[in-house]
Amino acid sequence: MDLKWQNTEDIAIRLVEEHPDADPLTVRFTDMHAWIVALPDFKDDPKKSNEKILEAIQMAWHEEYQDSQA
């Protein structure tokens, strides 16, 4: 499945898989953006992200991260 910016939940799951020890609330948006566009199945325009999109991904990632730590 090709990932696009609107696939916040799927991106969050992939970030937990790729960076299991990273606390999403401590990751800078610039680093998170780089990690997302580096995902092998990410197929969207890297320039189409914005702070609102990255915040939504960060919150979804935080939920997934908390679930993985339980």
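You'll find the structure just up there.
Given the structure is predicted, the values throughout are model-derived calculations rather than measurements.

Undergrad: Is there a simple way to explain the pattern of salt bridges in this structure?
TA: Pairing is possible between side chains of opposite charge, provided their charged atoms come close. Summed over the entire model, instances satisfying the criterion amount to four salt bridges. Between R14 and E18 there is a salt bridge, and its shortest N-O distance comes to 3.1 Å. Of this pair, R14 and E18 both sit in helix 1 (residues 8-18), four residues apart, which is roughly one turn of that helix. Looking at R14, the relative accessible area reads 15%, which means it is buried. Here D31 and R28 are joined by a salt bridge, their closest N and O atoms 3.2 Å apart. Within the structure, one salt-bridge network assembled from shared partners comprises R14, E17, E18 and D41.

Undergrad: I would appreciate a short explanation of the packing of aromatic side chains in the present structure.
TA: Each aromatic ring pair is characterised by the separation of its centres together with the angle its planes make. Per the stated rule, a full pass over the model turns up two aromatic pairs. When the ring of W5 is compared with that of F42, the centres are 4.8 Å apart and the planes differ by 70°; the resulting orientation is edge-to-face. Of this pair, W5 sits in the segment before helix 1 while F42 is found in the loop between helix 2 (29-37) and helix 3 (51-69), placing the two residues 37 residues apart along the sequence. Under the relative-accessibility criterion, W5 is labelled buried at 3%. Taking relative accessible area as the criterion, F42 reaches 8% and is therefore assigned buried. For the pair W35 and W61, a centre-to-centre distance of 6.0 Å together with 70° between the ring planes defines the contact as edge-to-face. Of this pair, W35 sits in helix 2 while W61 sits in helix 3; the two residues are 26 residues apart in sequence, bridging distant segments of the chain. W61 sits in the buried class, given a relative accessible area of 0%.

Undergrad: Sorry, what's going on with the side chain of D44 here?
TA: Examined against the element boundaries, D44 turns out to sit in the loop between helix 2 and helix 3. No salt bridge is formed by the buried D44. Its closest oppositely charged neighbour is K48, at 4.4 Å. Among the polar contacts listed, one links the side chain of D44 to the backbone nitrogen of W5, at a separation of 3.1 Å. The residues touching D44, leaving out its near neighbours within four places in the chain, are L3, K4, W5 and Q6.

Undergrad: Which parts of the structure should I look at to understand a negative patch on the surface?
TA: On the surface, E9, D10, E63 and D67 cluster together to form a negatively charged patch. Going through the elements one at a time, helix 1 and helix 3 are the ones with two or more residues in the negative patch. Looking at the secondary structure, you find D67 in helix 3. Its relative accessible area of 56% is what places D67 among the exposed residues.

Conventions used here
- Residues numbered from 1 in each chain as written.
- Predicted model: local features only at pLDDT ≥ 70, side-chain atom pairs only at ≥ 80, totals over all residues.
- Heavy atoms only, no water.
- Salt bridge = Lys/Arg side-chain N within 4 Å of Asp/Glu carboxyl O.
- Helix = DSSP H or I, 4+ residues; strand = E, 2+ residues; numbered from the N terminus.
- Buried < 20%, exposed > 50% of the residue type's maximum accessible area, 1.4 Å probe, protein only.
- Phe/Tyr/Trp six-rings, centres within 6.5 Å; stacked < 30°, edge-to-face > 60°.
- Lys, Arg positive; Asp, Glu negative; His and termini not counted.
- Polar contact = N/O pair within 3.5 Å; in protein donor to acceptor, adjacent residues only side chain to side chain.
- Contact = heavy atoms within 4.5 Å.
- Patch = residues over 30% accessible without salt bridge, like charges linked within 9 Å, V, L, I, M, F, W, Y side chains within 5 Å.
- Areas by Shrake-Rupley, 256 points an atom, 1.4 Å probe, with all protein chains shown as cover.
- Charge placed at Lys NZ, Arg CZ, Asp CG, Glu CD.

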